[in-house]
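Spelled out from the first residue to the last, the chains are:
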Amino acid sequence: MNRVISLILFSVIIVITMGCVSCSKNDNLINSENQEGNINEGNDPNFKIVSNTDQELSSINRKVVVFGIEIYAVSTVEDSKLLHAANVMAQYLDNDENGVIDNQNVVDKMLENKAFLVMWKTESDLSSLNPPPGRLGQDLGNDETVPNFVSGGKTGRFDASLEEVWHIITHAGYSKAYPNVFAENAGTSLTNAMDVARGGNFTSIPSSYPTEAWYTYDDSTCAYDCQATEYFYWAMTSILGAQVNRLDEIQQEWRLNTKEKVQTTDSAIYNLLTNPTYKFPINLPDGTYKR
């Protein structure tokens, strides 16, 4: 994946790759403030956009709250994209969509670590944010959020909300709830599987990966823990079917783009991510929670 990712002090993963997705006039206004300066709550049946009054992120005008997890958005992020991210978050955490969190332990850890997602429109939006201390966060770009990717047959531009929302769930949730299994440091069940997938235990990016490796991420800014976060994402979304049509696009980084390939080639991570103990999602989010 052609993304430059760096984990900074408060664990926000900065995304450099930008793109452009055209939006119709039905996309709920790019600026969600109406003429009176009030925040439009949107038209989602389950989630409402509300004004952000948090002092630590005072430059952001609005947010949506999903099971206590805050998703912030700068004023130029489209309402439809913000609400889509909220629905993806909800579907990951309540995958059977019965209104009950599937793994309360994971969400409790996210809340304990004050996990949040922040949505931006331009790189300058990120640079102007003051990182709140004591919180774990993740960013997601407006233009890389593509609500019709899954419903449109999983072709065309990828919906980055499937990645970035999952990153904050694993980084602030699973890795903290099950540190011996899913923590991003060396020696956990997750990273032991990753070392096999990379063809060795590499604390820095090797000059070249072994030929037998199937996870070969080569971004020099992505340290070992970042590599683990990305591995978690690739394996989970491949099992869920998100990568089925993307092999040509992603194979320089990840070769197991289907559930069957993960099960056959990387049995360690497959068995881990399909273990019912951890209550992982079994259905790929499409942004239509409880609809």
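As shown above, the structure is provided for reference.
Note that the structure is predicted; figures quoted are calculated from it, not measured.

*Asks:* Report on the overall build of the protein, specifying residues and quantitative values.
*Replies:* When you go through the protein residue by residue, the secondary structure sums to 10 helices and 5 strands. In the protein, which comprises 291 residues, the share counted as buried stands at 55%. Sequence separation of 24 or more characterises 59% of the internal contacts of the protein that already satisfy a separation of 6 or more. Of the accessible surface of the protein, which amounts to about 12,200 Å², a share of 49% is contributed by carbon and sulfur atoms.

*Asks:* An account of the packing of helix α4 (residues 161-177) against helix α7 (residues 224-240) is requested, with residue identities and associated values reported.
*Replies:* For any two helices packed against each other, the geometry is given by the interaxial angle and the distance between the axes. With their axes 10 Å apart at the nearest point, α4 and α7 run at an angle of 120° to one another. As judged from the angle between their axes, α4 and α7 are oblique. For the crossing formed where α4 meets α7, the hand is right-handed. On α7, the residues touching Leu162, Glu163, Trp166, His167, Thr170 and Tyr174 of α4 are Thr229, Glu230, Phe232, Tyr233, Met236 and Thr237. In terms of residue class, the contact of α4 with α7 is built from 6 nonpolar, 4 polar and 2 charged.

*Asks:* Residues and numbers for the packing of helix α1 (residues 79-93) against α4, please.
*Replies:* At a minimum axis separation of 10 Å, α1 and α4 run at an interaxial angle of 55°. Judged by the angle between their axes, α1 and α4 are oblique. The chirality of how α1 crosses α4 is right-handed. When α1 is examined against α4, the residues His84, Ala85, Val88, Met89, Tyr92 and Leu93 are found in contact with a partner set consisting of Ser161, Leu162, Val165, Trp166, Ile168 and Ile169. Residues that form the contact of α1 with α4 fall into these classes: 10 nonpolar, 2 polar and no charged.

*Asks:* Now, about the nonpolar core: what can you tell me, with residues and values included?
*Replies:* Buried together is how nonpolar side chains tend to be arranged in soluble globular proteins. In this structure, Met89, Met110, Ile169, Tyr174, Phe182 and Trp254 are the most contacted members of the largest nonpolar core, which totals 84 residues. Among the elements that take part in this core, α7 stands out by supplying 11 residues, more than any other. Among residues more than four places away in sequence, those in contact with Ile169 are Met89, Tyr92, Leu93, Val106, Met110 and Tyr174.

*Asks:* Go over the state of the cysteines with me, naming the residues and quoting the values.
*Replies:* Applying the stated criterion to the full structure yields 1 disulfide. Here Cys222 engages in a disulfide with Cys226; their sulfurs sit 1.9 Å apart. With the S-S bond torsion at -100°, the cross-link from Cys222 to Cys226 turns out left-handed. One exposure class covers both Cys222 and Cys226, and it is buried.

Thresholds applied
- Residues numbered from 1 in each chain as written.
- Predicted model: local features only at pLDDT ≥ 70, side-chain atom pairs only at ≥ 80, totals over all residues.
- Heavy atoms only, no water.
- Helix = DSSP H or I, 4+ residues; strand = E, 2+ residues; numbered from the N terminus.
- Buried < 20%, exposed > 50% of the residue type's maximum accessible area, 1.4 Å probe, protein only.
- Contact = heavy atoms within 4.5 Å.
- Areas by Shrake-Rupley, 256 points an atom, 1.4 Å probe, with all protein chains shown as cover.
- Axes fitted to C-alpha atoms, helices over the stretch in contact; angles between N-to-C directions.
- Parallel < 35°, antiparallel > 145°, perpendicular 65-115°, else oblique.
- Left-handed = near helix turned anticlockwise from the far one by under 90°.
- Nonpolar A, V, L, I, M, F, W, Y, C, P; charged D, E, K, R; others polar.
- Core = buried A, V, L, I, M, F, W, Y, C linked by side-chain atoms within 4.5 Å.
- Disulfide = S-S within 2.5 Å.

Such coordinate-based values are descriptive only and should not be taken to indicate function.
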